[in-house]
Amino acid sequence: MLEVKNLKKTFGALTAVDDISFTIPDGQILGMIGQNGAGKTTTFRLILNFLTADSGEILWNGQPIKKSDYDIIGYLPEERGLYPKVSIEDQIIYFAQLRGKSKKEIKPQIDKWMEKFQVKGKKTDKIKSLSKGNQQKIQLIATLIHQPKLVILDEPFSGLDPVNASLLEAGIKELKKQGASVIFSSHNMNNVEDICDHLVMLRDGKMVLDGTVREIREQFGRKKLFLETL
Ligand code: ATP
């Protein structure tokens, strides 16, 4: 279970994250929506310890997240970080090794994952030969293959066509079944409504909405919610 309590982060005069709190129990999915600059990526970087908070707490199963916890985290960054000249297989193994897995463990699983996300290509193909959508799917596989318990996906749907978006949606729902705590960000409500147990909306670093999708729809009205996130 991930608990974020009263998190705050400033950059000079700008408060990028302003008193944000939420909890993601095991097997639950939290969607974080907000426009550009709302504070989504900064929140993720704080959870990941890439940035230090000015104040607030981030707890994983009741304890602060430590470097040694990194193996349980799967992170899909907004700026995708693949190496164009390496093969699909080597790329996936490289990321898994960063999370403490061995080549021997990961190699036999690659075909299954490529099939699951319908990657068009052979595992010996170089990353640069793949379409953007397929590269994104490789990055997603690299994020998930070590079976993380805490999954943080920054704008995972951006740039995906509807077919790939539904594959991703199914993949996220499967993580939930496996008991992972999942958080993902999005600019808008597309893909969010059908997947999330809980939703938060950020604006200028502040949480302006917080609840189940149903509660928020009732409280706010569906149409208005869409307009808000345009
Ligand atoms: P986007 O969807 O555009 O990525 P976001 O919701 O992820 O938006 P953040 O990237 O968290 O937003 O940015 C929140 C605010 O903090 C923005 O005003 C941004 O310019 C600012 N910011 C983020 N990182 C830094 C930094 N390292 N130094 C200074 N300002 C920063």
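Structure shown above.
Residues numbered from 1 in each chain as written. Predicted model: local features only at pLDDT ≥ 70, side-chain atom pairs only at ≥ 80, totals over all residues. Heavy atoms only, no water.

Quick look at the pattern of salt bridges
Then, number 1: Under the definition given, this model contains eight salt bridges.
Then, number 2: The residue Asp 69 makes a salt bridge to Lys 66 at a minimum N-O spacing of 3.8 Å.
Then, number 3: Judged by relative accessible area, which is 16%, Asp 69 ranks as buried.
Then, number 4: One salt bridge in this structure joins Lys 122 and Asp 125, with 3.5 Å as the shortest N-O distance.
Then, number 5: Owing to a relative accessible area of 54%, Lys 122 belongs among the exposed residues under this scheme. (Salt bridge = Lys/Arg side-chain N within 4 Å of Asp/Glu carboxyl O. Buried < 20%, exposed > 50% of the residue type's maximum accessible area, 1.4 Å probe, protein only.)

Quick notes on the site of the ligand
Then, number 1: The full set close to the ligand counts 14 residues, and Asn 36, Gly 37, Lys 40, Thr 41 and Thr 42 are the nearest of them.
Then, number 2: In the environment of the ligand, an oxygen atom lies 2.7 Å from a nitrogen or oxygen atom belonging to the backbone of Gly 37.
Then, number 3: Measuring from an oxygen atom of the ligand, one finds a backbone N or O atom of Ala 38 at 3.1 Å.
Then, number 4: Starting from 630 Å² of accessible surface for the ligand in isolation, the protein chains cover 64%.
Then, number 5: Mapped onto the shell around the ligand, the elements with two or more residues apiece are β2 (14-24) and α1 (40-47). (Near = heavy atom within 4 Å. Polar contact = N/O pair within 3.5 Å; in protein donor to acceptor, adjacent residues only side chain to side chain. Areas by Shrake-Rupley, 256 points an atom, 1.4 Å probe, with all protein chains shown as cover. Helix = DSSP H or I, 4+ residues; strand = E, 2+ residues; numbered from the N terminus.)

Comments concerning helix α6 (residues 162-177)
Then, number 1: Look at α6: 23 Å from first C-alpha to last across 16 residues, which is about the 22 Å you get at 1.5 Å a residue.
Then, number 2: Those residues of α6 that sit buried are Asn 164, Ala 165, Leu 167, Leu 168, Glu 169, Gly 171, Ile 172 and Leu 175.
Then, number 3: As for α6, its buried residues are in contact with β3 (29-33), α4 (110-116), α5 (132-144), β7 (150-153) and β8 (181-186).
Then, number 4: For α6, the N-terminal capping position is held by Asp 161, with its side-chain oxygen 3.1 Å away from the main-chain nitrogen of Val 163.
Then, number 5: Of the residues one or two after α6, Gly 179 is the one with positive phi, at around 90°. (Expected span 1.5 Å × (residues − 1). Contact = heavy atoms within 4.5 Å.)

Looking at the pairing of β7
Then, number 1: Alternating positions in β7 separate into two faces, Leu 150 and Ile 152 on one and Val 151 and Leu 153 on the other, with burial throughout.
Then, number 2: Where strand β6 (residues 73-76) lies against β7, four bridges are found, and the strand directions are parallel. Paired with Leu 76 across the two strands is Leu 153, which belongs to β7.
Then, number 3: Direction of pairing for β7 relative to β8: parallel, over a ladder of four bridges. Counterpart to Leu 153 in the pairing with β8 is Phe 184.
Then, number 4: With α6 bridging β7 and its parallel neighbour β8, the resulting β-α-β unit is right-handed. (Pairing = 2+ DSSP bridges. Right-handed = clockwise from strand over helix to strand, strands pointing away.)

Considering the sheet that holds strand β9 (residues 198-203)
Then, number 1: Spatially, six strands are ordered β6-β7-β8-β3-β9-β10 in an open sheet, and the strand pairing comes out mixed. If you trace the sheet from one side to the other, it starts and ends with β6 and β10 (206-211), each paired once. Direction aside, the axes of adjacent strands within the sheet are offset by 15° on average.
Then, number 2: Of the strands in this sheet, β6 and β7 touch α5, which is tilted by about 165° from β6.
Then, number 3: Against the sheet, α6 touches β3, β7 and β8, its axis set at about 150° to β8. (Axes fitted to C-alpha atoms, helices over the stretch in contact; angles between N-to-C directions.)

Note that all results are geometric; they support no functional claim without further evidence.
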